[in-house]
Amino acid sequence: MHVSAPRQRVVMAALLLNANRVISVDRITEYVWDGAPPPSAAATVRTYMMRLRQSLGEHASARILTRAPGYLLELGEHESDLGQFTAHRRRAAELAERGDLEGSSAALAEALALWREEPLADIPWRTLRDVEGRYLQELRLQTMELRFDAELALLRHAEIVPELVRLVREHPLREALVGKLMLALFRSGRQSEALGLYRRTRVLLVEQLGAEPSADLREVHRHILSAHDRPRTPDPQERPAPAPETAAAPAAATVRERSRWPDPAQLPSVPLPLSARSDALADTPERSFARLEERLLKRLGGAQEGEDPYGRRPAGKPAGPGGRPVPS
């Protein structure tokens, strides 16, 4: 159903963006008149609502309910892009709780695929776009950050570097994105680029905000510095083929020879708190991903006792409770 009258479109957008929640008449008037409503605004909004119901028809208009102090639009979860977006996020959180990071990342990708253009681009009302549009943009960025967390946990750091580079250029002061890009670069063998990114970000923060990087970002930087001169884990094809005499050597010698190579990078057991969470947007997906991160992501770039900063522990040292190696 197309609503052509401009101010009725604002009213409809406000109802849709707050589906299944009461939105007050006062808030609607702020949106319709861009923060400067006339004395008759409340009565005019009631007239707009009546006309909107008439244009929607009997079946659709029955979903707009009068609820003090305003109105409520009843809408099924899969009847709007925003509802489907939220459903995919919830599904991602449920999969993450069960330890299915692959499925969780895929569900987050499905949520992000619903995103098209800038929200409310065809409604040139500043207050509505400032309030609701910014909320949607923040929700999208947080969802992207959650997917990056899952991809980092799946050790797909190289794959997400290009997208993170683009986003950091668009949001150079968003430290959560900067930290994830630093980790992805570091794990891809691009330590100098990761450290250069930190230096540039620090300069921007100091010049534009008069603030130093957050404790979380400084922690990522510290861990990268501590491992800067360490050799990366070689690819399997880079490992030298054993000489004929080595194959015939005693087992103990073979073990000693293999121990010279670092173990493949393992999934870190705990995350740094560079997560897509916000008090204003604290919902079930964020809480579930917080619990996931508590188990899986806290040490992206850090190390616990018995492990190097790449998340590797000596061969034959299984992890005990809390990710610490079992004593021999």
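The notes below deal with the structure included here.

About the cut-offs
Residues numbered from 1 in each chain as written. Predicted model: local features only at pLDDT ≥ 70, side-chain atom pairs only at ≥ 80, totals over all residues. Heavy atoms only, no water. Phe/Tyr/Trp six-rings, centres within 6.5 Å; stacked < 30°, edge-to-face > 60°. Helix = DSSP H or I, 4+ residues; strand = E, 2+ residues; numbered from the N terminus. Buried < 20%, exposed > 50% of the residue type's maximum accessible area, 1.4 Å probe, protein only. Axes fitted to C-alpha atoms, helices over the stretch in contact; angles between N-to-C directions. Parallel < 35°, antiparallel > 145°, perpendicular 65-115°, else oblique. Contact = heavy atoms within 4.5 Å. Nonpolar A, V, L, I, M, F, W, Y, C, P; charged D, E, K, R; others polar. Pairing = 2+ DSSP bridges. Left-handed = near helix turned anticlockwise from the far one by under 90°. Expected span 1.5 Å × (residues − 1). Bend = angle between axes of the 7 residues up to and from the residue. Salt bridge = Lys/Arg side-chain N within 4 Å of Asp/Glu carboxyl O. Core = buried A, V, L, I, M, F, W, Y, C linked by side-chain atoms within 4.5 Å.

Comments concerning the packing of aromatic side chains
Under the criterion given, the structure shown has two aromatic pairs. Between W33 and Y48 the ring centres are 6.2 Å apart and the planes differ by 25°, which places this aromatic pair in the stacked class. Of the two residues, W33 is situated in the loop between α2 (25-32) and α3 (41-61) and Y48 in helix α3; the sequence distance between them amounts to 15 residues. Here the two residues W33 and Y48 agree in accessibility, since each one is buried.

What to know about the packing of helix α4 (residues 81-97) against helix α5 (residues 101-113)
The geometry of α4 relative to α5 is characterised by a closest axis approach of 8 Å and an angle of 170° between their N-to-C directions. Looking at the two axes, α4 sits roughly antiparallel to α5. Together, F85, H88, R89, R91, A92, L95 and A96 of α4 and G103, S104, A107, L108, E110, A111 and L112 of α5 make up the contact between the two elements. Partitioned by chemical class, the residues of the contact of α4 with α5 number eight nonpolar, three polar and three charged.

Topic: the sheet that holds strand β2 (residues 64-67)
The strand order β1-β3-β2 describes an open sheet built from three strands, whose pairing is antiparallel. The sheet is open, and its two edges are formed by β1 (23-24) and β2, each paired on a single side. Note: β2 against strand β3 (residues 70-73), four bridges, orientation antiparallel. Looking across to β3, one finds that L65 is bridged to L72. α3 contacts β2 and β3 of the sheet and is inclined by roughly 140° relative to β2.

Focus on the packing of helix α8 (residues 175-187) against helix α9 (residues 191-209)
Running from N to C, α8 and α9 point in directions that differ by 160°, and their axes come no closer than 7 Å. Between α8 and α9, the angle falls in the class roughly antiparallel. For the element pair α8 and α9, the recorded crossing hand is left-handed. Here E175, V178, L181, M182, L185 and F186 of α8 lie close against α9, whose contacting residues are Q191, E193, A194, L197, Y198, T201 and L205. For the contact of α8 with α9, a count of residues per class yields nine nonpolar, two polar and two charged.

So, unusual backbone geometry
Cis geometry is adopted by the peptide bond preceding P69, which originates at A68 and carries an omega value of 5°. A positive phi is found at L155, a non-glycine position, where the angle reads about 65°. You can see L155 is positioned in the loop between α6 (126-153) and α7 (157-170). Judged by its relative accessible area of 31%, L155 is partly exposed.

Notes on α7
With 14 residues, α7 should cover 20 Å at 1.5 Å per step; its first-to-last C-alpha distance of 20 Å lies within 8% of that length. Along its length, α7 shows its largest kink, about 35°, at E163. Among the residues of α7, those classed as buried are H157, I160, V161, L164, L167 and V168. Buried residues in α7 make contact with α6, α8 and α9.

Details of the pattern of salt bridges
Summed over all chains, the structure comprises 17 salt bridges. Between E145 and R174 there is a salt bridge whose closest N-O contact spans 2.5 Å. Of this pair, E145 sits in helix α6 while R174 sits in the loop between α7 and α8, placing them 29 residues apart in sequence. As far as burial versus exposure is concerned, E145 and R174 are alike and both buried. Taking the shortest distance from any N to any O, the salt bridge between R156 and E151 comes out at 3.0 Å. Taking the relative accessible area as the measure of exposure, R156 reaches 23% and is therefore partly exposed. Taking the relative accessible area as the measure of exposure, E151 reaches 7% and is therefore buried. Where salt bridges share partners, they join E102, E151 and R156 into one cluster.

Some thoughts on the pairing of β3
Examined bridge by bridge, β1 and β3 share two bridges and lie antiparallel to one another. In the strand pairing of β3, I23 is matched with Y71.

Digging into the nonpolar core
Membership of the largest hydrophobic core comes to 59 residues, with the highest contact counts inside it found for V11, L15, I28, M49, L52, L128 and M182. By residue number, the principal contributor to this core is α8, which donates eight residues. Among the nonpolar cores identified, the runner-up in size contains five residues, and A92, L95, L108 and L146 belong to it.

Description of α3
Spanning 21 residues, α3 covers only 22 Å between terminal C-alpha atoms, well under the ideal 30 Å at 1.5 Å per step. The largest bend along α3 measures about 75° and falls at S55. If you check which residues of α3 are buried, you get A41, V45, Y48, M49, L52, L56 and S61. Taken together, the buried residues of α3 touch α1 (6-17), α2, β2 and β3.

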